[in-house]
Amino acid sequence: MSMKLSAYIKPSPFTITASAVALLIIYLLPVRNAVFLRWMDDMSIYDPSTSNIEWLLHYPGGVLQLAGAFLSQFMYHPWVGSMILMALWGVLTALAIKAFRLRGNSSILALGIPMALLASILIVDETWLTIPSQGYLFSQTLGATITLTLLLLYRAASSFALRCIIAAITLLGFPFFGYYALLAWLLEAIAECAGGNRGERWRACAAAAAGGTAAVILPLIYHTYWTGTWAERKTIYLKGLPDLIPSGDDLPLWMPLIVMSALMLLLCLLSAFPTIRESRSRTTLLSFTGILGIMCIWCFSCSSKPEQWRAFVLMQHYMQRNEWGRIISIMNNIKEEPSREMILVANLAANMLGHDGMPVPAEKNGNGNGGSFRKNSTYTSTALLTVPLSYYIGRPNLSYRWAMEHCVKFGKRAYFIKYMTKCALVNGEYGLAKKYNDMLRRTIFHKEWAERTARFIDNPELMKEDPEFASIPANTATEVFF
């Protein structure tokens, strides 16, 4: 009896592999990189204002960015945000198995799609400061989900005429889903041409050729005639993906999305090879598991960050909370040699606690990044050093200036808006402080900070009793950037 029961409940290779992948994702996201996920939430913001919504609706894929920005808020609590992301990836995997009609061992390859999306998050480090896309953490997952949902609807249609209508609707989704609408149409075309008998394939190829012409022309028509659009013509087909530069510097950031798209195309092509698609042989099991294993190793390598960078990001978190003792504790316990940026923040913490600081090494010339645009040391130092340090040493105008520079160039972030709010308060610009504070009030988790800060806007006399504001020296700067 027990032997029969054990044989009945024996898990399939897909179940075992999916469980291992889920454990790996948990380890790589909320366990190993919780501090980065929390920092990435700080360095983004959900803006539901009418102006921002209208702005995104005039951009291909703007709907994905808006929805992604809303969900990104939950990374304020890394475990909560990670569980939501994993749930979406579970749905995405189920859609892939259904849409690509995977059977047997080929189902394992469907897990490669969330692994590629995981790599797109883990590969980001200080480059996050210069990626202007709203909702980056979730928008690509939502886009892939839309793609597979459209493909599944297409393949569920029983008649050729109905499938043609769904394909047309898919292309018309470009203004809302951008690249992912085009990818969905391409998968639909491949699925149509790969299936059926020879006579049906001629008909399918003719329809695909007509649809391909529409897929090329429609984005150009959108760019020319859609009132208010601000998308660039030369990269119009890529809109809906993150706003990265199509050049060598951004190739590592592009790679996870290239792999995800290529994997979807591969899985769709398997429709023409039912023997492989439905195989349960040991050879296909080892092959597909090996491919997924390589992707897991890739994700693990993407999650590796220098200890100094991890410590510096954590110091940023404690600096915003005025927990200066914890910053000193990080410096005392770091195993590697602390970076210049860490020493500067630690010296500020020591000054706040009435202690002596450490000698600051000379600043290195150049970016020290091989010329990478994303890792330009100027962006990192002005964002993570000039903005907070200038505020705490009594130079709110300089702090405000660089916070505004970053918001204008790379998009609004909760981190900068908080410092802009505090700088406005220190300078007595209470109307300006209210303007920025109201942005934070519209979020889910930064709202609490905004409610506390609103007390000082309504009653500035309370600033004299607040330990943080009371510790800020008088502003002696002559230039005014307001």
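Residues numbered from 1 in each chain as written. Predicted model: local features only at pLDDT ≥ 70, side-chain atom pairs only at ≥ 80, totals over all residues. Heavy atoms only, no water.

**Regarding the overall build of the chain**
Heads up, the condition is: Helix and strand labels come from DSSP, where a helix needs a run of H or I of at least four residues and a strand needs a run of E of at least two; each type is numbered from the N terminus. C-alpha atoms define the radius of gyration in this analysis, and the globule rule sets the expected value at 2.2 Å times the number of residues to the power 0.38. Think of it in three bands: residues with accessible area under 20% of the maximum for their type are buried, residues over 50% are exposed, and the middle band is partly exposed, with areas taken using a 1.4 Å probe on protein chains only. A contact between two residues is defined here by any heavy atoms of the two lying within 4.5 Å.
The number of helices and strands found in the chain is 24 helices and zero strands. Taking 482 residues into account, the globule formula puts the C-alpha radius of gyration at 23 Å, and the chain, at 26 Å, falls close to it. If you line up the chain on its principal axes, its C-alpha atoms span 80 × 65 × 45 Å. Counting only residues that meet the buried cut, the chain has 51% of its 482 residues in that class. For the chain, the proportion of contacts with a sequence separation of at least 24, taken over those separated by at least 6, is 73%.

**As for the nonpolar core**
Selection rule: Definition of nonpolar core: a set of buried residues of the types Ala, Val, Leu, Ile, Met, Phe, Trp, Tyr and Cys, connected through side-chain atoms within 4.5 Å.
Residues Phe 100, Ile 113 and Met 115 are the most contacted members of the largest nonpolar core, which totals 118 residues. The greatest single-element share of this core, amounting to nine residues, is contributed by helix 21 (residues 414–426). When neighbours within four sequence positions are excluded, Phe 100 is seen to be in contact with Leu 95, Ile 113, Leu 148, Leu 151, Arg 155, Leu 187, Met 264, Leu 267, Cys 268, Ser 271 and Arg 277. Residues Ala 189, Ala 215, Tyr 222 and Ile 236 belong to the second largest nonpolar core, which totals 15 residues.

**So, the side chain of Ser 107**
On the secondary structure map, Ser 107 appears in the loop between helix 6 (78–99) and helix 7 (112–122). When residues no more than four places from it in sequence are discounted, the contact partners of Ser 107 are Phe 14, Ile 97 and Leu 102.

**Some words on the confidence of the model for the chain**
The predicted coordinates should not be examined in detail at positions where pLDDT is low. Which entries qualify depends on this criterion: You can read pLDDT as the predictor saying how much it trusts each residue, on a scale of 0 to 100.
Mean pLDDT over the chain: 89, with 93% of residues reaching 70 or higher. Across the chain, the secondary-structure element scoring lowest on mean pLDDT is helix 1 (residues 2–8), at 49, and the one scoring highest is helix 7, at 97. Ignoring residues within four places in sequence, the model shows residues 478–482, a span with pLDDT below 50, making 12 contacts including any to other chains.

**Structural notes on the packing of aromatic side chains**
Under the convention used in this document: We call Phe, Tyr and Trp rings a pair once their centres come within 6.5 Å, taking the six-membered ring for Trp, and we label the pair stacked below 30 degrees between planes, edge-to-face above 60, and tilted otherwise. The rule is short: NZ of Lys or CZ of Arg within 6 Å of the ring centre and within 35 degrees of the ring normal puts a charge over the ring.
Counted by the stated rule, this structure contains 20 aromatic pairs. Judged by centre distance (6.2 Å) and plane angle (50°), the ring pair of Trp 309 and Phe 312 falls under tilted. Here the residue Trp 309 and the residue Phe 312 both occupy positions in helix 16 (residues 307–320), the gap between them amounting to three residues, near one helical turn. Here the two residues Trp 309 and Phe 312 agree in accessibility, since each one is buried. When the ring centre of Phe 456 is taken as origin, the NZ or CZ atom of Arg 455, which lies over that ring, is 4.8 Å away.

**A few points about the packing of helix 2 (residues 13–31) against helix 7**
The following threshold applies: For helices, the fitted line uses only the C-alpha atoms of the stretch in contact; every axis is such a line through C-alpha atoms, and the angle between N-to-C directions lies from 0 to 180 degrees. Here the word oblique covers every angle except those under 35 degrees (roughly parallel), over 145 (roughly antiparallel) and from 65 to 115 (roughly perpendicular). Under the grouping applied here, Gly and all other residues not named as nonpolar or charged are polar, the nonpolar ones being Ala, Val, Leu, Ile, Met, Phe, Trp, Tyr, Cys and Pro and the charged ones Asp, Glu, Lys and Arg.
Contact geometry for helix 2 and helix 7: axes closest at 12 Å, N-to-C directions at 10°. Considering their axes alone, helix 2 and helix 7 lie roughly parallel with respect to each other. Taken together, the residues of helix 7 that come into contact with helix 2 (itself represented by Val 21, Leu 24, Ile 25, Leu 28 and Leu 29) are Met 115, Leu 118, Ile 121 and Leu 122. Looking at the contact of helix 2 with helix 7, its residues break down into nine nonpolar, no polar and no charged.

**Quick notes on the pattern of salt bridges**
Filter applied, for reference: We define a salt bridge as a side-chain nitrogen of Lys or Arg found within 4 Å of a carboxyl oxygen belonging to Asp or Glu.
Applying the stated criterion across every chain yields a total of 14 salt bridges. Across the pair Arg 442 and Asp 47 runs a salt bridge whose closest N-O atoms are separated by 3.7 Å. One end of the pair, Arg 442, is in the loop between helix 22 (430–441) and helix 23 (447–458); the other, Asp 47, is in the loop between helix 3 (34–42) and helix 4 (50–57), with 395 residues separating them in the sequence. For Arg 442, a relative accessible area of 37% translates into the label partly exposed. Owing to a relative accessible area of 8%, Asp 47 belongs among the buried residues under this scheme. What you see here is one network of salt bridges that share partners, running through Lys 434, Asp 438, Arg 441 and Glu 451.

**With respect to unusual backbone geometry**
In this structure, Arg 101 takes a positive phi of about 55° despite not being glycine. By the element assignment, Arg 101 lies in the loop between helix 6 and helix 7.

**Quick notes on the packing of helix 16 against helix 19 (residues 377–392)**
Operational definition: Throughout, a crossing is termed right-handed when the near helix is turned clockwise from the far one, and left-handed when it is turned anticlockwise from it by less than a right angle.
Running from amino to carboxyl end, helix 16 crosses helix 19 at an angle of 30°, the nearest separation of the two axes being 12 Å. On the basis of the axis angle, helix 16 is roughly parallel to helix 19. Judged by the twist between their axes, the crossing of helix 16 over helix 19 is left-handed. Taken together, the residues of helix 19 that come into contact with helix 16 (itself represented by Trp 309, Phe 312, Gln 316, Met 319 and Gln 320) are Leu 384, Leu 385, Pro 388, Leu 389 and Tyr 392.

**With respect to helix 19**
Put simply, the rule is: In this scheme, a helix's expected span is set at 1.5 Å multiplied by one less than its residue total.
Here helix 19 spans 21 Å end to end across 16 residues, near enough to the 22 Å set by a 1.5 Å rise per residue. When you tally the buried positions in helix 19, you get 13 out of 16 residues, the bulk of the element. With its phi angle positive at about 90°, Gly 394 sits one or two positions after the end of helix 19.

**Quick look at the side chain of Asp 250**
To keep things clear, this is the line we draw: As used in this structure description, the phrase polar contact means that two N or O atoms lie within 3.5 Å; if the pair is within protein, one of them must be able to donate a hydrogen and the other to accept it, and residues adjacent in sequence are counted only when both atoms belong to side chains.
Residue position: Asp 250 is located in the loop between helix 12 (198–225) and helix 13 (251–269). Among the polar contacts listed, one links the side chain of Asp 250 to the backbone nitrogen of Ile 245, at a separation of 2.6 Å. Residue contacts for Asp 250: discarding those within four places in its chain leaves Leu 244, Ile 245 and Arg 374.

**As for helix 22**
With 12 residues, helix 22 ought to run about 16 Å at 1.5 Å a step, and its terminal C-alpha atoms sit 16 Å apart, in line with that. Buried residues belonging to helix 22 abut helix 20 (396–410), helix 21 and helix 23.

**Section: empty space enclosed by the protein**
Note the cut-off: Detection works on a 1 Å grid of protein atoms alone, calling trapped sets that fit a 1.4 Å probe cavities and calling open sets with protein on both sides within 12 Å along at least five of seven lines pockets, with lining residues defined by an atom within 4 Å of a point. Grid points are joined across faces, edges and corners, and a volume is the space filled by probe spheres set on the points.
The tally for this structure, following the rule as stated, stands at two cavities of 30 Å³ or more. Its volume calculated, the largest cavity comes out at about 70 Å³. Considering the residues around the largest cavity, the lining is formed by Leu 29, Asn 33, Phe 36, Leu 37, Met 40, Ile 121, Leu 122, Val 124 and Lys 305. Secondary structure elements with two or more residues in the lining of the largest cavity: helix 3 and helix 7. The leading source of residues in the lining of the largest cavity is helix 3, at three residues. Partitioning the lining of the largest cavity into residue classes produces seven nonpolar, one polar and one charged. Of the volumes computed, that of the second largest cavity is approximately 40 Å³. Leu 117, Ser 120, Ile 121, Tyr 136, Leu 137, Gln 140 and Thr 141 together form the lining of the second largest cavity. Only helix 7 and helix 8 (136–156) provide two or more residues apiece to the lining of the second largest cavity.

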